[in-house]
Amino acid sequence: MNTIASAVPAGSRTQDPVFQLHTVRRLVEEQYTAEQPLARAALHLIDCATEVVAQLPEGSIDACRDALGSARAAVVSATVAVGRVRDLSAPGAERA
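The numbers attached to residues start from 1 for each chain and follow its sequence in the written order. Only residues with pLDDT of at least 70 get local features here, since the model is predicted, and only at 80 or more are side-chain atom pairs given and counted; chain-wide, interface and lining totals rely on the full set of residues. To obtain the side-chain values, all non-hydrogen atoms of the structure were included, while hydrogens and water were left out.

### Observations concerning the environment of alanine 49
The condition that has to hold: Each helix corresponds to a stretch of at least 4 residues labelled H or I by DSSP, and each strand to a stretch of at least 2 residues labelled E; elements are numbered beginning at the N terminus. Residue burial is assigned from relative accessible area. The probe radius is 1.4 Å, only protein chains are included, and a residue is buried under 20% of its type maximum, exposed over 50%, and partly exposed in between. Contacts between residues were defined by any pair of non-hydrogen atoms, one from each residue, lying within 4.5 Å.
Tracing the chain through its elements places alanine 49 in helix H3 (residues 37–55). Take alanine 49: its relative accessible area is 0%, and that puts it in the buried class. Separated by 17 residues in the primary sequence, alanine 49 and aspartate 66 place their C-alpha atoms 8.4 Å from one another. Other than its neighbours up to four places away in sequence, alanine 49 contacts Leu21, Ala67 and Leu68.

### Observations regarding the packing of H3 against helix H4 (residues 61–89)
Heads up, the rule is: Note on geometry: axes are C-alpha line fits, over the in-contact stretch for helices, and angles between N-to-C directions span 0 to 180 degrees. Angles are sorted into four bins: roughly parallel if under 35 degrees, roughly antiparallel if over 145, roughly perpendicular if 65 to 115, and oblique for all others. Each crossing gets its hand from how the near helix is turned against the far one by less than a right angle, where anticlockwise is left-handed and clockwise is right-handed.
Across the interface, H3 lies against H4 with an axial gap of 9 Å and an inter-helix angle of 135°. With respect to H4, the element H3 is oriented oblique. Relative to H4, H3 is oriented so that their crossing is right-handed. Residue-level inspection shows Leu45, Cys48, Ala49, Val52 and Val53 of H3 in contact with H4, the latter providing Ala63, Cys64, Ala67, Leu68, Ala71, Arg72 and Val75.

### Let's talk about the pattern of salt bridges
The condition that has to hold: Put simply, a salt bridge is a Lys or Arg side-chain nitrogen that is within 4 Å of an Asp or Glu carboxyl oxygen.
Enumeration according to the criterion identifies 3 salt bridges in this entry. Between glutamate 29 and arginine 25 there is a salt bridge; the shortest N-O distance is 2.4 Å. Of the two residues, glutamate 29 and arginine 25 are both situated in helix H2 (residues 17–31); the distance of 4 residues between them amounts to about one turn of the helix. Arginine 26 serves as the salt-bridge partner of glutamate 30, at 3.0 Å between the closest nitrogen and oxygen. In this pair, glutamate 30 and arginine 26 both sit in helix H2, 4 residues apart, roughly one turn of the helix.

Encoded structure:
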């Protein structure tokens, strides 16, 4: 069971996607230390999604999912790019 998802309180306010994202952020902060790279990345993704959803008119849970998906895609792309740059900067690396 996902302990973070199961800890989100039930009620009318939980339909507010910005509230949900703030709650999940708080729960991630409580369960993981800020020194853990994956926790920092998760918090950054949550912050990105929150910022986008808060600016949408009549934000919805689907908008949250879309924003978080876009943020994930950006992180994956950046990770691949950094890895490629690192590989190419290694001595003796082939340049394609």
